[in-house]
Amino acid sequence: MQTLALGRLYRDPTIQYKVASPAAPIWRFRLNATTAVYPGSFDPITNGHVDIILRSASLFDRVVVLVAVNHSKQTLFTLDERLELIRRVFADHPKVEAQSFEGLLVNYMKKHDIRAVIRGLRAVSDFEYEFQMALMNRKIHPQAETLFLASRENYTYVSSRILKEVFSLGACIQDLAPPIVIDAMRRKYPGRALSGPTQS
Ligand code: ADP
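The structure presented is a predicted model; accordingly, all values stated were derived computationally and were not measured.

**Q** Would you mind going over the site of the ligand in detail, with residue names and values included?
**A** Near the ligand there are 17 residues, and of these Gly40, Gly48, Gly120, Ser151 and Ser159 occur at the shortest range. Elements with a minimum of two residues in the shell around the ligand: α1 (47-57), β7 (116-121) and α5 (160-168). With 3 residues, α1 is the largest single contributor of residues to the shell around the ligand. Tallied by class, the residues present in the shell around the ligand amount to 4 nonpolar, 9 polar and 4 charged.

Next comes the structure, spelled out in structure tokens:
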């Protein structure tokens, strides 16, 4: 199979084409747009995530933010709410889309012919689990490659969990999550986080 890179003309990299050629009567080729998935809980999306997504979008033609469906995990935002928040944050970024997945990430990747996984690293403590996961994913799906992007300095301490925790206790998280997310959190915790210092 010959691979032809047609760049951004088409959004679906799995489409296969058949064309006639004098050299080979039926010539099959496949679009090789570069797509990466960025999996996580995104409960909710933070500025740390946004930074990783924007930097990934400068490296790939398309970034699919993949929200994990995990029935055993209690989340503040429903799956639909998490997807909607991501879609609203990236409404003006045609390269970024949000989808959900359940089960093995590599199964989603195989099904959609995607090879690259993006993960963000905040601290050395993230590394051990991430490294183990990357090796396991490659064991199950040898074509899968994990790319680690180091967190931007001002977001190394930001996680969805800590954001929810401090917000629920009344802290202002203005610079740590997109305004759309902060509004959504205000609706989850009415009367909270109306004042307090912000970080930059
Ligand atoms: P969280 O740990 O905030 O709950 P997720 O489970 O949604 O986030 O994580 C998805 C990915 O985003 C993981 O690779 C995680 O390491 C990364 N990530 C989360 N927060 C940040 C951040 N502040 N900077 C860089 N990467 C991050």
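**Q** Describe the confidence of the model for the protein chain, with residues and values.
**A** When pLDDT is averaged along the protein chain, the result is 84, and 79% of the positions lie at 70 or above. By mean pLDDT, the top-scoring element of the protein chain is helix α2 (residues 79-89) (98), and the lowest-scoring one is strand β1 (residues 2-4) (37). Segment residues 1-32: pLDDT under 50, and 37 contacts once partners within four positions in sequence are set aside and those in other chains are kept. Ignoring residues within four places in sequence, the model shows residues 195-200, a span with pLDDT below 50, making 12 contacts including any to other chains.

**Q** Residues and numbers for unusual backbone geometry, please.
**A** The residue after Asp43, namely Pro44, is reached through a cis peptide bond having omega 0°. With respect to the element layout, Pro44 can be found in the loop between β4 (35-40) and α1. Located in the positive-phi region is Phe42, a residue other than glycine, with phi close to 50°. Considering the arrangement of structural elements, one finds Phe42 in the loop between β4 and α1. By the C-beta count within 10 Å, which is 24 here, Phe42 ends up buried.

Conventions used here
- Position labels on residues start from 1 in each chain and follow its written sequence.
- It should be noted that, the model being predicted, local features are given only for residues of pLDDT at least 70 and side-chain atom pairs only at 80 or more, the latter also being counted only at that level, while totals for whole chains, interfaces and linings use all residues.
- Put plainly, near means the residue's C-beta atom, positioned from the backbone, lies within 6 Å of the molecule or strand in question.
- Going along the chain from the N terminus, every DSSP run of H or I of four or more residues is numbered as a helix, and every run of E of two or more is numbered as a strand.
- Residue polarity is assigned by list, with Asp, Glu, Lys and Arg as charged and Ala, Val, Leu, Ile, Met, Phe, Trp, Tyr, Cys and Pro as nonpolar; anything else, Gly included, falls into the polar class.
- Per-residue confidence from the predictor is reported as pLDDT, which spans 0 to 100.
- For the purpose of contact definition, each residue receives a C-beta atom placed from its backbone, and two residues are in contact when these atoms lie within 7 Å.
- Neighbour density around each residue's C-beta defines its exposure: 20 or more other C-beta atoms within 10 Å make it buried, 12 or fewer make it exposed, and counts between make it partly exposed, where C-beta atoms are placed from the backbone.

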